[in-house]
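An overview of the molecular structure
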Amino acid sequence: MKHNFLTIAIIGTMATALLVSCTKDLNRQPPNTVTASQAFSTDTGALQALAQVYSSFALTSPTGPGNTDLVGIDAGTSDFVRLLWDASELSTDEAVCAWNDPGVPDFHNMAWTSGNVILQGLYTRIMYQVTVANAFIKNAKAVQKNFSGQGATDIGYYIAEARFIRALDYWEMLDLYGTSPFVTETSPVGVGSFLPPQASSATLYAYVQSELLSLDSASAMVPAHQNAYGRADQACVWALLARLYLNSGTYLGASSADYTDAITYSSKVINAGYSLHKVYHQLFMADNNTNNPEIIFPIVYNGVSTQTYGGTTFIINGAIGGSMSPTAFGVPGGGWSGNRVTSSLANLFPDLTGTVDQRAKFYTSGQNETISSISTFTDGLAVTKWSNLNSDSTTPAGASTFCNTNFPLFRLAEQYLIYAEAVLRGGSGGSQSQAIAYIDSLRSRAAPGNTSYQPSSITLQDILNERGRELYWECFRRTDLIRYGLFTSQSYVWPWKGGIPSGTGVASYLNLFPLPSSDLSANSNLVQNPGYN
Amino acid sequence: MLVRTGVFCLLVLLWMPAFTQNHQISGKVTDSTGAPITGASIFLEGSAKGTTTDAFGVFRLTVSPQDKMMVISAVGYGSRRISVSSGIINIFLSPVNANLNEVVVIGYGTQLKKDLTGSIASVGVKDFQKGAITSADQLIAGKVAGVSVTSNGGQPGSSSTIRIRGISSLNSNNDPLYVLDGMELPASTNNNINTYAGISSPLDFINPDDIENVTVLRDAAASAIYGSRASAGVIIITTKKGRGGKPVFNVNSSLTVGTIGKYLPVLNATQFSNYVKGQAAANPADTTYSDMLGASNTNWQKEIYQTAITTNDNFSVSGAMKDLPYRLSVGYHDEQGILKTDYLQRGTVGLHLTPHLLDNHLKIEFNFNGTYTQSRFANTNAVGAAASFDPTQSPFEKGSPFGGYFEWVNHSTGDLIALAGRNPLALLEQYNSTGKAAVGISNLHLDYELPWVPGLHAIADLGADVSTGFGTTVVPPDAAQQYNNSSDETTSVVHGLNQKYKTNNTYVNAIYELNYVKDIKSIKSNINVIGLTEYSNTLTTLYNYPSFGSNGDTLSGTAPVFPTSPADYTLISYVGRLIYTYDQKYILTASIRDDGTSRFGPSYRWGTFPAVAVAWRIREEQFLNNVNWLSDLKVRASYGVTGNQDGLQDYEYVPSYSLSQNTSLYPFGNTYYNTYAPASFDANFRWEQTTSANLGLDFGLFDNRITGSVDVYEKSISRLFNQVPIPVGTNFTNELTINIGTMTDKGAEFNINATAIRSRNFSWDLNFNVAYNENKITKLTNGSEGSNFYGDAVGAISGGTGNTIQIQTVGYAANSFFVLQQVYGKNGAPLEGVYVDRNRDGQITSPPSSPDAYHDHSPFAPVIMGFSSTFNYLKWSLTLVARANIGNFMYNNVKADLGVTEYILNPLNYLSNAGTDIYKSHFYAPQYYSDYYVENASFVRLDNIGLAYNVGKIGGINNLRLSANCQNVFVITKYTGQDPEVYGGIDNNLYPRPRNFTIGASLGF
């Protein structure tokens, strides 16, 4: 009896000790992390969370340039600008790329499918930012009441900026895909049964418009020019509205086009105190964050602290090859031999050397103007528009491959061109003479003192050509060609359009990109764009 | 003589009439070689009558008509039961099958081999692979059916990839669970951090010379007792223990010389120069590339490889100090790699104490294994660089700013070409990466048989495994490989590199167990029950350091946000098992394990893993009594459930925010902020589950001169982790690894051991094993994939950015190649860029999302075979081990990269060498997705051939044995690359496996 008792005692003690002391060890918290409520408990914490909303544009991940937030795509290629650049430049007369990376050749062949990894990446990158913005808005709203005074004002601005970024994202979805899965801060997050509904072009348009108008009317944003560099202000809201209205015919059908509002909002931006940067090419140099009165909203990069293999690092390195010296562009460790222009874009300029129009930033030595092989870098003119040198020709601190040059997502010149085009397209509230004056100012910057380069009259085609000269390699071309009905049609072809050297028209369904098959497989609410399967 | 014969005949005649009454029988008992067995006993069943054999094995016995059966037995031999017959009987007794009475280690205990119910294979010292063996996994290569051991190249200390019965996971761990002397070891990674920095596998810290036995648990019935960590099978390692008695000393030493077996076929300087000039001839005006040619003739592969010397010395002493049996061993291993600069030095110490106290009621086993390694890791990029570097360039160039080495520079600017190939020799000699690692692993096993309850044992196992690994990588400032780094502190680039790393790991494991064994004779039953609880915790701490340039500047963005990244993971388990044996013929094993893990959220934290198995020892049945040729026959059937959580992330279910790293800041104004980034998460995250069934047959024939087993199995893996697209907008990523897919493995294994010759001077033992495994993915997503969903692209290749060559698709084997079908011209050469347009839309779309691509073969061999032979003649013994894989395919990435003109005349303005395949393909641009590069990599490899001479007692030495050995003797294959054996099927500059020649001596005194 005594022995049995002893046995039970031993076993009992052992088992109890283990159960009591150790099952709590199953609740482990990840190290070096905090919960949402901890992160948002201070003004600085909330600002750091807001920084993540912005940096989702610039970077591929919060854990360095070799990692990515997205899956199914090479980490270095998964940032917003690189993906957008591929989709909106390689598909046009502005660029071809030598690389055979997955999805890249589809663009100049105009043969993309719903499996194209770059289009999938672009779609998921934009929606990733929407998800981060949603989480930010939700968490910030939850803690808003805990703040008072300046803190409360700050949080209010943060939330407005996140809403602006989200509207910008949905505008990108509208422009690129024409449709989008639709989630807001009230949508559930996590793996579960929730499938986001699909928003049509009309719904997206209405949503973007109403969000922007509401931010504007409530003066929710920091006033124009007042915010810290890198953060959005009220002028950004106007600039995006102007862009939205200019393209409204594309999104809603020609009969619903609204050029008057395009004039209204581009005028607001133009009158907000911005001015053209004196020297065109300095807009695209490593120190374009300083003394730059033209940039309304940049994506900020830094070769040391804000590193990505995409963004301007991609644009600058990808453009250097052949006999070009990477050092001469501020990237001594770089030079990736990828992108050149087609002759169609180059021939928009009066000459290739930039003697007449300084915006013709081409590298011709050893480069053939005609592209006989897309995979040969020396076929096609190289572009020197972008550089990682400072405007005084010095190399920025720490430069090797990663670049400091910021990408202007909105700049004043575009607003001039929006104004002019909206006037020509019949919008009211502006004048032809003012339109010509704005074009003049772009021309006179490009060709200082050359009065013969000033137009006395302009046509819609002139505006398109001017946009080509002013905005090439800044991710505008696809949208512009679609607005002019030239993206897919046979009436305008460029070398290698549709995958053949002389160029050819392609089916018009290609005006919209396909929803990625990966999301179609995951979300049964989604319906593919016509023409794709 | 005549008289005696006459008398005998008379006696026989006289006894004839008495046949129906009592009569005498006589006979001779011998062993299978015909040698007489002395002292064998012969009993008549059902009576007390019996006798024993004499010195000549002869017996005589008087029997009556009612005596029907007699039983013949002898110590060391199996008994026989035969019917009584008249006349002179010759009886063979077979030696007791050492195999059958062998004690086999199973989960949390041991069992006699004859009683096993699961599919378990055990390899002991005498069957281990010989030669320059650095790691326990290599000991069993080719020895166990269904277990494939693929070394991960020839670098010193590199581990092997072990797969038991194919793969059981697509996205998480496929490595078996290792159990050392009863203690489960941590997995090789914890939360993506290498558990042992500087040591590639948990096996590498055990000196192979200290290993007594390696046991493989293949089916779920055997492994399910390890629950949620056992899906990929279990490997149990038992170290040598002291056997008591006088101290026995053992010393063995070996010297190994390793050489590269085969160079990659690339163009030599003349061929290369002719090729470049030939290309230039098309456009004589353009001398860009022909001007780059050098005047030297360099075989870069010869430049980077060396003859590697390895020494291995072990000393052990075992015996008993009073009542304390001990074994102490020390070992020192010094290995050079065949890649210049590469070496590993490893010292090991093992201490094993096995005292029995309190009248043998308390059995204690203490094990300690300690390892200290010191390595220099060569820059293995040199392997690929040597194949592709221009052979007309000399390794050195006068006035070169890059340490005197030739490097490619832009001739117009003098800048180093950023993406050009680097001088292979400089890659090695200007790279100094050294690491040290120390591991101490010990466990204490206490087994107390409670005196007041016979058969009841209280057992405690307390184990700890503490390790640290650290090192530095230094590249001098003039090295091209780290020439243009950026730093936070200067405006110009920073040269060189100086960085360090460190990981600490602490693992504890505690088991409290009750074991009750009872033989209940009255109902012919034996029961063996265990119940236990177990706690284990792995805390892996990665230290984060900044990297520096040679001038001491911090390289930009490398300053860590947090000084350490710890990962902590706990597992708590409850286990019960019953082994029930009835009449020594029918055996039932049933076990259940409950695992709770910190890796999953509260609702999915606990899981139950049951298993049941039965065995029927048919040979013991009456009806087989007279089937003399059949020495053993047993059938087994089992069913069980196991899980997989090793290789998974530690905190996947927790929503959290973390600060971005210092390369991922975002500025507002002039202030850079570490951003607070939300992490993706899955609250429903849980383990993969494998359900498996096994049917097995063990047999022995002709006195067990032939033994073997056949197993057929089916594994069905559910809740398979698959990285699937999740609805965009619902998480902080677009794809998550969630429990969604299913996969099956079906297969069969056959193993046979035969003693072809067994005589006084000769013996010849053979083993052959073959396994077939068929893997198929049966579900990957929630089933709503559209017609454009081809599967999950995997298998990243080198070349381009983000190209993948394999795919996971339902209905196909895992990692099947997904490629375009090459079209060939009349001359048999592939036509560049011409592929079969499978969907006939007039264009070819590149994989992975391509209607033109097709599923080619799988990289995993459906058939693997092993063959061993041991031939003994007097004191000589000759052993060989061969292995074969049949039906495995390989993507020849080296060839795909090296075989194109565009890379030879590189657009980045340098020259790059090509494989000789360029003469066959004539490709201008890379054709990564062509099935031209998917090659049949079936092979037969003679792993090992060894000759040993057992000198025996000589002078003061009790035992001296000399041996010579060759490893990796030859490979027969159609594969055109360096080596057909690359785990995963993508051959991308594997560190070549050396051919090793070893001589060794072993002495005992």
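None of the values given here were measured: they were computed from a predicted structure.

Topic: the side chain of Thr77(A)
Mapped onto the elements, Thr77(A) comes out in the loop between helix H3 (43-58) and helix H4 (80-89). Judged by its relative accessible area of 13%, Thr77(A) is buried. Separated by 2.9 Å, the side chain of Thr77(A) and the backbone oxygen of Asp74(A) make a polar contact. Those residues in contact with Thr77(A), other than ones at most four positions away along the chain, are Arg82(A), Leu83(A) and Thr801(B).

A short note on the pattern of salt bridges
All names here are of chain A. The final tally for this structure, using the stated rule, is 52 salt bridges over all chains. Residue Arg359 is joined to Glu470 by a salt bridge in which the shortest nitrogen-to-oxygen separation is 2.7 Å. With Arg359 in the loop between helix H13 (343-346) and strand S7 (362-363) and Glu470 in helix H16 (residues 460-471), the pair connects residues that are 111 residues apart, well separated along the chain. The exposure class assigned to Arg359 is buried, which follows from its relative accessible area of 1%. Its salt-bridge partner being Glu466, residue Arg469 comes within 2.9 Å of it at the nearest N-O pair. Linking Arg469 with Glu466, this pair stays in helix H16, spanning 3 residues, or about one helical turn. Both residues of the pair, Arg469 and Glu466, belong to the buried class. Several salt bridges share partner residues, and in doing so they unite Glu294, Asp357, Arg359, Lys385, Arg411, Arg443, Arg445, Glu466, Arg469, Glu470 and Glu474 into one network.

A short note on the side chain of Lys634(B)
Mapped onto the secondary structure, Lys634(B) falls in strand S32 (residues 630-644). A polar contact of 3.4 Å, which involves the side chain of Lys634(B), links it to the backbone oxygen of Lys113(B).

Quick word on the packing of aromatic side chains
For the coordinates displayed, the defined rule picks out 63 aromatic pairs over all chains. Ring geometry for Phe923(B) versus Tyr932(B): centroids 5.8 Å apart, planes at 70°, classification edge-to-face. One aromatic cluster is present, built from ring pairs that chain together Tyr54(A), Phe164(A), Phe297(A), Tyr666(B), Phe668(B) and Tyr673(B). When the ring centre of Phe939(B) is taken as reference, the NZ or CZ atom of Arg941(B) above it lies at 5.6 Å.

Focus on the interface of chain B and chain A
Between chain B and chain A, the contact holds 100 residues from the first and 110 residues from the second. Across the chain B/chain A interface, buried area totals approximately 8400 Å², and carbon plus sulfur atoms make up 61% of it. Counting the surface chain B buries against chain A, the share from its top three residues, Tyr657(B), Tyr666(B) and Phe668(B), is 9%. Run the count over chain B and chain A and you get 0 salt bridges. Taken together, the connections running from chain B to chain A amount to 25 residue pairs in polar contact (both at pLDDT 80 or more). In terms of residue count, the dominant contributor to the side of chain B that touches chain A is strand S29 (residues 564-582) of chain B (8 residues). Residue classes in the side of chain B that touches chain A are distributed as 42 nonpolar, 48 polar and 10 charged. Of the strand pairs in this sheet, strand S1 (residues 33-34) of chain A and strand S33 (residues 657-659) of chain B are connected by 2 bridges, and their pairing is antiparallel.

Thoughts on the packing of helix H7 (residues 149-176) of chain A against helix H9 (residues 234-246) of chain A
All names here are of chain A. Closest axis-to-axis distance for the H7/H9 pair is 11 Å, and the angle between their directions is 15°. Judged by the inter-axis angle, H7 sits roughly parallel to H9. Of the two possible hands of crossing, H7 and H9 adopt the one that is left-handed. On H9, the residues that touch Phe164, Ala167, Leu168, Trp171 and Leu174 of H7 are Cys236, Val237, Leu240, Arg243 and Leu244. For the contact of H7 with H9, a count of residues per class yields 9 nonpolar, no polar and 1 charged.

Points about the sheet that holds strand S17 (residues 211-217) of chain B
Residues and elements named next belong to chain B. Read across the open sheet, the 5 strands follow the order S10-S17-S18-S13-S14; overall the sheet is mixed. The open sheet has two edge strands, strand S10 (120-124) and strand S14 (183-184), and neither has a second partner. In terms of strand pairing, strand S13 (residues 177-180) meets strand S18 (residues 234-239) through 4 bridges, oriented parallel. Bridge pairing links Leu180 to Ile237 in S18.

Examining unusual backbone geometry
Positive phi, normally seen in glycine, also occurs at Asn291(A), with a value near 50°. Position of Asn291(A) among the secondary structure elements: in the loop between helix H11 (259-270) and strand S5 (295-299). Overall, the relative accessible area of 72% leaves Asn291(A) in the exposed class. Residue Arg165(B) is not a glycine yet carries a positive backbone phi of 55°. Note on placement: Arg165(B) falls in the loop between strand S12 (160-164) and S13.

A word on the nonpolar core
Phe164(A), Phe297(A), Ile299(A), Phe362(A) and Trp473(A) are the most contacted members of the largest nonpolar core, which has 172 residues in total. With 16 residues, the top contributor of residues to this core is helix H6 (residues 117-144) of chain A. Excluding residues that lie within four positions of it along the chain, Phe164(A) makes contacts with Leu212(A), Leu215(A), Met221(A), Ala232(A), Cys236(A), Val237(A), Leu240(A), Phe297(A) and Phe410(A). Judged by nonpolar contacts, the second largest core, of 37 residues, contains Phe272(B), Ala382(B), Phe389(B) and Tyr991(B).

Topic: the environment of Gly57(B)
All names here are of chain B. Relative to the elements of secondary structure, Gly57 occurs in the loop between strand S3 (50-52) and strand S4 (58-63). Judged by relative accessible area, which is 0%, Gly57 ranks as buried. With 20 residues separating them along the chain, Gly57 and Ile37 place their C-alpha atoms 4.9 Å apart. Contact partners of Gly57, with chain neighbours within four places excluded, come to Gly27, Lys28, Val29, Pro36 and Ile37.

Here we look at the pairing of S18(B)
Residues and elements named next belong to chain B. Across the 6 residues of S18, 6 count as buried, placing the element largely inside the fold. Residues Val234, Ile236 and Thr238 line one face of S18 and the alternating positions Ile235, Ile237 and Thr239 line the opposite face, and both faces are buried. Where S17 meets S18, 6 bridges bridge the pair, whose relative direction is antiparallel. By the bridge assignment, Thr215 is partnered in S18 with Ile236.

Scoring rules and cut-offs
- Residues numbered from 1 in each chain as written.
- Chains lettered and ligands numbered in written order.
- Predicted model: local features only at pLDDT ≥ 70, side-chain atom pairs only at ≥ 80, totals over all residues.
- Heavy atoms only, no water.
- Helix = DSSP H or I, 4+ residues; strand = E, 2+ residues; numbered from the N terminus.
- Buried < 20%, exposed > 50% of the residue type's maximum accessible area, 1.4 Å probe, protein only.
- Polar contact = N/O pair within 3.5 Å; in protein donor to acceptor, adjacent residues only side chain to side chain.
- Contact = heavy atoms within 4.5 Å.
- Salt bridge = Lys/Arg side-chain N within 4 Å of Asp/Glu carboxyl O.
- Phe/Tyr/Trp six-rings, centres within 6.5 Å; stacked < 30°, edge-to-face > 60°.
- Lys NZ or Arg CZ within 6 Å of the ring centre and 35° of its normal.
- Buried area = accessible area lost by both parts, 1.4 Å probe.
- Nonpolar A, V, L, I, M, F, W, Y, C, P; charged D, E, K, R; others polar.
- Pairing = 2+ DSSP bridges.
- Axes fitted to C-alpha atoms, helices over the stretch in contact; angles between N-to-C directions.
- Parallel < 35°, antiparallel > 145°, perpendicular 65-115°, else oblique.
- Left-handed = near helix turned anticlockwise from the far one by under 90°.
- Core = buried A, V, L, I, M, F, W, Y, C linked by side-chain atoms within 4.5 Å.

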